[in-house]
Structures are given as C-alpha cells and as structure tokens.
Amino acid sequence: MSNRSWRTAIWCVAAVVTPAAIWAIALPWPADSDLGFVLPVPVLAVMALSGAGILLLAGGQSSAGLRATMAILGLTLLAYPCLLAMSAASRGGPLVAGAAFAGHLIPLTMVSVIPVLAVSVVTARSRRGWIAAILLVTAVTTVVDITGVRVLTVLASVVRMSGFVLPIAATWPLVRNTAADMRRRAIVCGMASVVPVLVIMLCAMLGFAEDALGIGGAAVSVLMLGLTGCAVAIAGLTWGATRQRPTWLMRRSAILWMLAGVLAVVTLILAAGGVLVASAFVRAPVAMLVGVLLTGAVGLVSVRLHHWAGRLIDPRAEIETELAGLGEVSGHRRMALQQVLRKVTGDPSLSLAVRADDTWLDADGNPISPPADAVPLGRAGGDALVICSRPELSGRIARVGDWGSLLDPAVMEAVVEQEAARADRAAAAERSRISRDLHDGVQAHLLGIALNLQLSGRGLEEPGARLLVEETVVGLRDAVSQVRALAEGGAPTVLVTDGLGAALAHLVRPLDVVTQTRLPERRHSAEVEETAFFVASEAIANAVKHAGADHIEIAVEETGSVLTVIVTDDGVGGADLRLGTGLRGITERVAAFGGLLVVREARPRGTVVEASLPCG
C-alpha cells in the first residue's frame, strides 16, 4: 500500500471512530461503578483526542512498520477511554468490561516498540530481536495475569515493569556508532525510549500516594494523563527523528532542553516518591529531609548526564547546519565560520586564525601572532587555529574531528586573498618601474622629439606646414600623457576631466574605420566610466588588429540603472571568449564590476561586443 493510500485509510478510520468516541465519553459514569474509580470527562476527552492525533500523525510516516505500530497506538489510545466509559455505564457486557480492564496493555506495549523501530529506521540496523523480546514479555505476563495465581501475578508485574528497560538497552548503544545528523536522530529515539520508564516511576509514586494519602480517584486521573502524555511524547519524538527533512527537534539546543526536562521529571518523581516512602516509616520532618537529600543526589547525577549528552551530540553536524543556514557567504567564509563557532560554543570573544603560506590571518585578514594555547585544526601543524576565552571550550572544538570540508573554503579564501595581495604588490611595483622607465626614457624621448619639431616649425614659412607640425606636437604630448596614465594604472586625462563621451570621441578621432558613434552626454561614476572605456578601447583594438574590419560602430546607451556599451564591426567574426587575452581581459573586468559581457556574431558578418554595467 502506498503512503498516500495509508494516509487516506488512517484519516477515514479517524473520521469514523472519533464521533463514536464522543458518544461513548458522553455516557454517564456512576460513582459506584464496577471499575472502582471515576474519570472526569475532560480526562477522557484528552485521551481520545490524543489518540486521534497520534492516528493522524501515523499517516505521515514513511516506514511501514512505524506507520502500523503508531496507528495501533493511536487507535488503542482513542478506544481506551471509550471502553472505560462504556464499562462504567454497563454498556457492552462482559466483552467491553474485559477490554476496558486490559485496554492499557496494547498502548504500553506500543510505546516500548516504537522507539526501537524508530532507531532501527534511523541507523539502518535491525532490532528485531529486541522487539521480539518486548512482545514476548508482554505476552507471557498477560497469560500469567489471566491465571489469577497471586504469586505469579506479582512476579509477572515485576517482569513487566522491568521490561520497560528493554527499549533503553536497544536504542542507546547505537548512538555511539553514529555521527552528525544520524546521531542526533538516534539520541531523540533514545530519549523516547526513556519516557515509558518515567510513566512506570509515576505509577509507583502514585501507588504510594494512594496508600499514604488516600487519593485513589485523583491518582487514577493523573495516571491516565501520564499514559496519554507518554504516548504523545513518544509519537512526536519518533516522528521528528524519522522525518526525511530535519525538524527543529534535531537542533542541539532542542535536544538538550528535552533532556533537561526528562531529567527534571525524573528528579521530581524520585524526590516525591522518596518523601512518600519515608513518611510511612518516619515522622514528616525526617521524611522531608530524606526528600531533600534524594533530590540533591539525583539532581547531581542529572547534571552530569546532561553534560555527557552535550558532549555526545555531534558538534560537527551543528556547525554544518549553522553554516548552511547562513546561505551564500562567498568572500566572507572566515567571518562566517568564526560567527558559527561563537554561537555553538557560547563564547562571544572566540577568534579564528587561518594560515596562508607562513602568515596567520584573523577573520578580517589582518596578520596576527596566535597564543600558545590556541586549538589547532586541520592537518598536522594546523591549517587554522581557534582561540577561546575559556579553556573548557577547547575540548569541544577538538571533538569535531575531521575539519576538512568545514575548514577548506576558509583556508582557500585566505590563500587566494594572500596571493591576490601579493599580485597587487607585484603589479604596483611593476607599474612603478614602467612609470620610471617612461619618465626617464620613452617620455623624455617623445618630449624631445616634440620640442625639436616645435623649434623646427618656427622656421617654416608655409602656414600649412607650420600648422601640421603644431598638430603633431600636440598629438605627441597627448600620447605621452595617455601612456603615463596607463602605466600608473590610472585613467586617461580626458576621461577624468571631460567624461566617457569625450574620451571615446578622442580615442576614435584618428580612426577612419569608426563610421558611427552614439556617445553619452552625462557623466557617471569614475568606476563605471573607466570600465566602459576599457571595454570600448579593447573591443576597437581587437576589431582593428584581428578582425580586419572596414567599419566600426560604437554605441553607449543608458537604460534605467544599466549602462550598455556596444561595439559592432564588419570583420571576419568568429570571436571566442576563451581565446586571446583581449576578450578574456574584457570579460574579467566586466565580471569584477558586476556586469555582463555578451559576444555574438553580427549580420551579415562581423562581431558584436556588448557589455552591460550597473550604474545606478
């Protein structure tokens, strides 16, 4: 049967049984019924509604075994208060009375079986032997109860109570053989296996309370609510542990809070039970003292267990989950990892240091000298260090184990930044050297030629020749200015002073092949204009040098917050972004600015280079 068919069937059963349960619960409950106690209607309603909820929850289970057992638990818990109410109202005869008397057996058996089935699903480890042992204990003790032999029934009750330890023994040993998300799921299953023991402890305490304080009716109501809470807790925990998509139950904080709640309940039950037992033998002040001492002893053990569980939960899975929750953190991986480590350790001053070559860098990229007590991560010698303000947190960091996939992106980011910084320094040094060479060599040589031409032009009598020499001198001076600016990594002077339109017009003035231009009139930011000028000049250079173009068109258009530079030529075409340094350089420059470059074939021939740059 498919999951959908299962869900449909369970919903139909719940829809049919729930109205019948409402009718049964509304029956009058005589004070002198054969059951010997009275359950208020709200208690019966809570039991029935909880059973219906578990029945509906069973429809969402992907495992057939868990689905069936949870459906049985929900159905029997829904039927139990109805049978009790019908038996108290003398409806249904001996069959209903017998079912009401034994109605608690199936729910108690299912709450023992479900955690074992759940941990089997989570860990993919068969626990059939343990499940068979639980069912065998239930069957044998039930048969012994039917015999009515007092000694055997007492022994059977002891065996039945001891049988609730079997789910704990079946689930918790598997926790240590798991890791990451599977370990969290197994721990939740283990906590579900402890819940029946709490109910048994509650039963024992209520038994003492009934004898010592005479609260039989109230004790039964509390006992029924305890059974209901046990079933709901186990159904909810196993549902969360076996869901394919992780739920909030899988968070470390949620697990620790649930464990703290379980331990607190255990402490209170044992303390209250100790007071009740002691009050039967000693005076009240001494009984209270026993309760205080017992509370302190159990509380101390509970705190130790809570710390042990905190160490048992896999910290690596928590770190991975928190990192995934941050989304895309490209360029800030060290800061993201440091933020997550601070959160999971509770140390707001924790700092992360990553080694790039032989330099230690903090999350902001600043060189530091780490202290001797820093916790090394990664391979031998450490690719990174964690510096904690509290020494006890170092052990938890060390227990993560293999930091490979967690640490590699942060280390690679630091290495890339270090290499980029080194490349920038080398480029700056090279620009400085070229600038000196231009100043001392080429620039001086060009200026000397310009000066000679200027002096020679003064002796010319022909006005046209003298004008030509003056224009040549101006062109040489412009060439010197542009070469110097490019060598120093800056923009041409005309681009800085007059803007993109004037710079492009100045660039294409000597080129006869540029037949049409549409240039911008208004100014943009310096970064936008420099990138657009670089794209246009490189595209024109490629068209002139490699495409053999006879005509080149340049258009710069602004649409909204996007500035588009389009260079079209009628050359040979076939431009490829993967070939040649020119187009690759344009691509990298545009991508670094956050823009988009498209190179396509023109019609009927040629190439179109189009760059879209954000300018808003």
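Located above this text is the structure these notes cover.
Presented here is a report on the structure given in the accompanying data block. All values derive from a computational prediction rather than experimental measurement.

Some details on the environment of A89
For step 1, the next point in the chain: Among the structural elements, A89 can be located in the loop between helix 3 (64-88) and helix 4 (93-101).
For step 2, the next point in the chain: What makes A89 buried here is its relative accessible area of 18%.
For step 3, the next point in the chain: A89 sits 56 residues away from S33 along the chain, and the two C-alpha atoms are 7.4 Å apart.
For step 4, the next point in the chain: Once you skip the residues sitting within four places of it in the chain, A89 turns out to touch L27, P28 and P30.

Points about the side chain of T76
For step 1, the next point in the chain: With respect to the helices, strands and loops of the structure, T76 is situated in helix 3.
For step 2, the next point in the chain: Of note is the side chain of T76, whose polar atom sits 3.1 Å from the backbone oxygen of L73.
For step 3, the next point in the chain: Excluding anything up to four places from it in sequence, T76 contacts I106 and P107.

So, the pairing of strand 8 (residues 596-601)
Walk down a regular strand and you will see the side chains alternate between the two sheet faces.
For step 1, the next point in the chain: Pairing of strand 8 with strand 9 (residues 607-614), which is carried by six bridges, proceeds in the antiparallel orientation. Looking at the pairing, E601 lines up with T607 of strand 9.

Describing the pattern of salt bridges
For step 1, the next point in the chain: Applying the stated criterion across every chain yields a total of four salt bridges.
For step 2, the next point in the chain: Between E557 and R518 there is a salt bridge; the shortest N-O distance is 2.7 Å. On the criterion of sequence distance, the pair formed by E557 in strand 6 (residues 552-559) and R518 in strand 5 (residues 514-518) is long-range, its members being 39 residues apart.
For step 3, the next point in the chain: Using a relative accessible area of 32% as the deciding quantity, one classes E557 as partly exposed.
For step 4, the next point in the chain: The class for R518 is partly exposed, based on a relative accessible area of 41%.

Some details on empty space enclosed by the protein
For step 1, the next point in the chain: With the rule as written, the count across this model stands at four cavities of 30 Å³ or more.
For step 2, the next point in the chain: There is about 130 Å³ of room inside the largest cavity.
For step 3, the next point in the chain: Around the largest cavity sit L105, L108, T109, S112, I134, V137, T138, T141, R160, G163, F164 and L166, which together line it.
For step 4, the next point in the chain: Of all the secondary structure elements, the ones that give two or more residues to the lining of the largest cavity are helix 5 (105-123) and helix 6 (128-147).
For step 5, the next point in the chain: When grouped by side-chain class, the residues that make up the lining of the largest cavity number six nonpolar, five polar and one charged.

Here we look at the nonpolar core
For step 1, the next point in the chain: In terms of nonpolar packing, the biggest core is built from 42 residues, with I54, L73, V188, M191 and I234 touching the most fellow members.
For step 2, the next point in the chain: For this core, the secondary-structure elements that each account for two or more residues are helix 2 (41-58), helix 3, helix 5, helix 6, helix 9 (180-213), helix 10 (216-242) and helix 11 (252-279).
For step 3, the next point in the chain: If we skip the residues at most four places from it in the chain, M191 touches W172, L237, I255, M258 and L259.
For step 4, the next point in the chain: In this structure, L495, F533, V565 and C615 belong to the second largest nonpolar core, which totals 30 residues.

Some thoughts on a nonpolar patch on the surface
For step 1, the next point in the chain: On the surface, a nonpolar cluster with roughly 440 Å² of combined accessible area is contributed by V149, V151, L152, L155 and V159.
For step 2, the next point in the chain: Within the secondary structure, L155 sits in helix 7 (residues 150-162).

Rules and cut-offs
Residues numbered from 1 in each chain as written. Predicted model: local features only at pLDDT ≥ 70, side-chain atom pairs only at ≥ 80, totals over all residues. Heavy atoms only, no water. Helix = DSSP H or I, 4+ residues; strand = E, 2+ residues; numbered from the N terminus. Buried < 20%, exposed > 50% of the residue type's maximum accessible area, 1.4 Å probe, protein only. Contact = heavy atoms within 4.5 Å. Polar contact = N/O pair within 3.5 Å; in protein donor to acceptor, adjacent residues only side chain to side chain. Pairing = 2+ DSSP bridges. Salt bridge = Lys/Arg side-chain N within 4 Å of Asp/Glu carboxyl O. 1 Å grid on protein atoms, 1.4 Å probe; cavity = no way out; pocket = protein on both sides within 12 Å on 5 of 7 lines; lining within 4 Å. Points joined across faces, edges and corners; volume = space filled by probe spheres on them. Nonpolar A, V, L, I, M, F, W, Y, C, P; charged D, E, K, R; others polar. Core = buried A, V, L, I, M, F, W, Y, C linked by side-chain atoms within 4.5 Å. Patch = residues over 30% accessible without salt bridge, like charges linked within 9 Å, V, L, I, M, F, W, Y side chains within 5 Å. Areas by Shrake-Rupley, 256 points an atom, 1.4 Å probe, with all protein chains shown as cover.

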